[in-house]
Amino acid sequence: MEAAPAGTVPPPPSVAPRRRLIDVVVVAAVVGVLAWAWEGADMRPMDLWTFRGNMATFLGDFLEPDFRRWQLYLEQMIVTVQIAIWGTVLAVVLAIPLGVLCAENVVPIWVYYPIRRLMDAARAINEVVFAVLFVVAVGLGPFAGTLAIFVHTTGVLAKLFSEAVEAIDPRPVEGIRATGGNHIHEVIFGIIPQVLPLWISYALYRFESNVRSATVVGLVGAGGIGQIFFEAFRGFDYAATSAIMIFIIVTVTMLDVASQQLRRMVI
Amino acid sequence: MLGANTMAVSVRGLTKTFRQGHRPALDNVTFSARPSEMVALIGASGSGKSTLIRHLAGLATADRDGDGEVRILDRTMQSRGRRGRELATLRTDVGVVFQQFNLVGRLSVLTNVLMGVLGRAPAWRTSLGQFTRQERVDAMACLDRVGLADRAAQRASTLSGGQQQRAAIARALLQRARILLADEPIASLDPQAARRVMEILSDINRSDGVTVLVSLHQVAYAAAYCHRTLALREGELVFDGPSTELTPAMLGNLYGAESEELFLPELPAQSPTPMALAAG
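As the structure is a prediction and not an experimental result, all values here were calculated from the model. (Residues numbered from 1 in each chain as written. Chains lettered and ligands numbered in written order. Predicted model: local features only at pLDDT ≥ 70, side-chain atom pairs only at ≥ 80, totals over all residues. Heavy atoms only, no water.)

A.B. asks: Just to check I follow, could you spell out helix α8 (residues 170–178) of chain A for this structure?
C.D. replies: What sets the pattern is the α-helix's 3.6 residues per turn: residues three or four places apart point alike. Residues and elements named next belong to chain A. Of all the positions in α8, only Pro 172, Val 173, Glu 174, Gly 175, Ile 176 and Ala 178 are classed as buried. Measuring from the backbone nitrogen of Arg 171 back to the side-chain oxygen at the start of α8 gives 3.0 Å, which picks out Asp 169 as the cap. Downstream of α8 by one or two residues, Gly 180 has phi in the positive range, about 100 degrees. (Buried < 20%, exposed > 50% of the residue type's maximum accessible area, 1.4 Å probe, protein only. Helix = DSSP H or I, 4+ residues; strand = E, 2+ residues; numbered from the N terminus. Polar contact = N/O pair within 3.5 Å; in protein donor to acceptor, adjacent residues only side chain to side chain.)

Below you can see the structure in the form of structure tokens.
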């Protein structure tokens, strides 16, 4: 392209003073919030230095993991994965209809509004809190953990699924409607084929994070490796605690890698 | 079946306003089409062609304060902005072909065509994705008719634009629609694919006696394939008559400077199927 004749190209726009003022205000606000939260969060960075001796001893115990009871750890690690499997599968089954019923391009407001609030509640409460409740309801053990993960994950997946539904191309759905298909047909043939890869990806991702969550729900007695971990830790058996943590890290890493591969294949 | 005086499509006083206080997208549109007619609908972009077709397809309803009415095969599809009781069954009688084809890209071409039976097959069965052998055979016949039988197993998204449009026509064929509405079916296609699609529509009109209403923004195609043309300008029906009357002078009269848009792009060099074919 040829350069335009001199004088016709406007100069680059200068940054307006108003814009600079906004930057200053934003920075001041961020610093203000951080200072305000310092007190409440009980920030004592110097303690890391003061108690370095204690921490070195503590760390020393961890450096010699004790794998003598590895069969128990493996067994309980498998239980944890099994909790994650059933918690995720039940959540997916329930999140499919609920996700569609949360999408504002599919159902009227008086349907999606209450269901969204219900899902918000399921999501707002952490798995561990649900686990505490279910341990009371169904007793100690993996079933309580499975239910906790199931309820929380349903809330998460219903939201993710409905966001995928809201982002679809509406034209194929209209194509189905124009042939004389009913609402169920529109969902099954028009919407689900479009969102399926994303749904599978979300479900696998939640499975990954549910394996991590399943170790945590064990801490409150809801079964699996977390329960063994907590018992070892409270018995000051740091060598065993260390071995259990290695089991968790290796398992979670392996499942993450496998699940990432799977997700890459579906998208 | 249909009485001599039955109109395939009958529209009376249809007005549609999208935003209160703005110019209506459709302004008191009235016309009717006899069974087996092939009618072109022309107009510049924004003149209301798509809006009109969406109303005829039962995908939109007109203003509630007007007394507009759409009747399909002498049954009410919508009246005074409210859906008629028979809307669901009437949608099955009306096939729609869209500018962007509106196929489900991740489903196979065959499954997309099978969507044509949804209006008449038992809903519980089709909802489970089950189609009978006969339905599959019929769908293959429809695909064969548009020259795509060898593509049945492919995903719809792997087809070219012209092929997708032909698959969409196969879907309308399986639907056994008595009326076929085509909303800018060739606007996204190259000239060769466009001609092929127009020829298939013309063939369906002549061989099956299906009433075809096709919106176009190239007048040359209207003149080549349709005896009758309706012209919309800013939501108003400004012309309803033989396509042969649509001379450049006439169009200049109707549309002023906008008429240029209706001529571009030109028809391909090889002259398309002439009127003689359509009449034959």
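Now that the structure has been shown, the text picks up again.
A.B. asks: When you look at the sheet that holds strand β6 (residues 82–83) of chain B in this model, what are you seeing that I'm missing?
C.D. replies: Where strands meet in a sheet, backbone hydrogen bonds hold them as pairs that are either parallel or antiparallel. Residues and elements named next belong to chain B. Strand order across the open sheet formed by five strands is β2-β1-β4-β5-β6, with antiparallel pairing between neighbours. Of all the strands in the sheet, the pair left with one neighbour each is β2 (26–33) and β6. Bridge count between strand β4 (residues 69–72) and strand β5 (residues 75–79): four bridges; the pairing is antiparallel. Considered in β5, the bridge of Ile 72 is made with Arg 75. (Pairing = 2+ DSSP bridges.)

A.B. asks: Even after reading the chapter, I still don't get the interface of chain A and chain B, so can you show me in this structure?
C.D. replies: Interface size is commonly expressed as the accessible surface area that is lost when the partners come together. Each side of the interface is counted separately: chain A has 19 residues, and chain B has 24 residues. Summing the contributions of chain A and of chain B, the shared interface buries around 1800 Å²; its carbon and sulfur component is 64%. Looking at the side of chain A facing chain B, the largest losses of area belong to A:Ala178, A:Thr179 and A:Phe189, adding up to 33% of the total buried there. The interface formed by chain A and chain B holds one salt bridge in total. (Contact = heavy atoms within 4.5 Å. Buried area = accessible area lost by both parts, 1.4 Å probe. Salt bridge = Lys/Arg side-chain N within 4 Å of Asp/Glu carboxyl O.)

A.B. asks: Explanation requested: the side chain of B:Gln165 in the structure shown.
C.D. replies: Along the chain, the position of B:Gln165 falls in helix α6 (residues 161–174). In this structure B:Gln165 touches B:Val97, B:Phe98, B:Gln99, B:Phe101, B:Pro185, B:Leu189 and B:Val197, once residues within four positions along its chain are discounted.

A.B. asks: Teacher, can you tell me more about the layout of surface pockets here?
C.D. replies: Rolled over the atoms, a probe as big as a water molecule pinpoints where empty space is left. Taken as a whole, the largest pocket holds about 800 Å³ of empty space. If you go around the largest pocket, you meet 31 residues; those closest to its centre are A:Val106, A:Val173, A:Arg177, A:His183 and A:Glu186. Here the lining of the largest pocket takes seven residues from helix α9 (residues 183–217) of chain A, the largest share from any one element. Partitioned by chemical class, the residues of the lining of the largest pocket number 18 nonpolar, seven polar and six charged. Reported here for the second largest pocket is a volume of approximately 170 Å³. As for the second largest pocket, its lining consists of 13 residues, of which A:Glu174, B:Ser50, B:Phe98, B:Gln99 and B:Asp183 are closest to the centre. Of all elements in the fold, only α8 of chain A together with α1 (49–56) of chain B reach the threshold of two or more residues within the lining of the second largest pocket. Considering every element that reaches the lining of the second largest pocket, the biggest residue donor is α1(B), with three residues. Classifying every residue of the lining of the second largest pocket gives five nonpolar, four polar and four charged. (1 Å grid on protein atoms, 1.4 Å probe; cavity = no way out; pocket = protein on both sides within 12 Å on 5 of 7 lines; lining within 4 Å. Points joined across faces, edges and corners; volume = space filled by probe spheres on them. Nonpolar A, V, L, I, M, F, W, Y, C, P; charged D, E, K, R; others polar.)

A.B. asks: Which parts of the structure should I look at to understand the confidence of the model for chain A?
C.D. replies: Detailed reading of the predicted coordinates is not advisable wherever pLDDT falls low. Looking at chain A, pLDDT values average 91 and 97% of them are 70 or higher. Across chain A, element-level confidence peaks in helix α7 (residues 142–166) of chain A with a mean pLDDT of 96 and bottoms out in helix α3 (residues 52–62) of chain A with 86. (pLDDT = per-residue confidence, 0-100.)

A.B. asks: Explain the packing of helix α4 (residues 70–101) of chain A against helix α11 (residues 238–266) of chain A to me, please; I cannot follow it from the model alone.
C.D. replies: How two helices sit against one another is set out by the angle between their axes and by the gap between those axes. All names here are of chain A. At a minimum axis separation of 10 Å, α4 and α11 run at an interaxial angle of 40 degrees. Classified by the interaxial angle, the pair formed by α4 and α11 is oblique. The two elements α4 and α11 meet at a crossing, and its hand is right-handed. Here Trp 70, Tyr 73, Leu 74, Met 77 and Val 81 of α4 lie close against α11, whose contacting residues are Ala 240, Ala 243, Ile 244, Phe 247, Ile 248, Thr 251 and Leu 255. Split by residue class, the contact of α4 with α11 holds 11 nonpolar, one polar and no charged. (Axes fitted to C-alpha atoms, helices over the stretch in contact; angles between N-to-C directions. Parallel < 35°, antiparallel > 145°, perpendicular 65-115°, else oblique. Left-handed = near helix turned anticlockwise from the far one by under 90°.)

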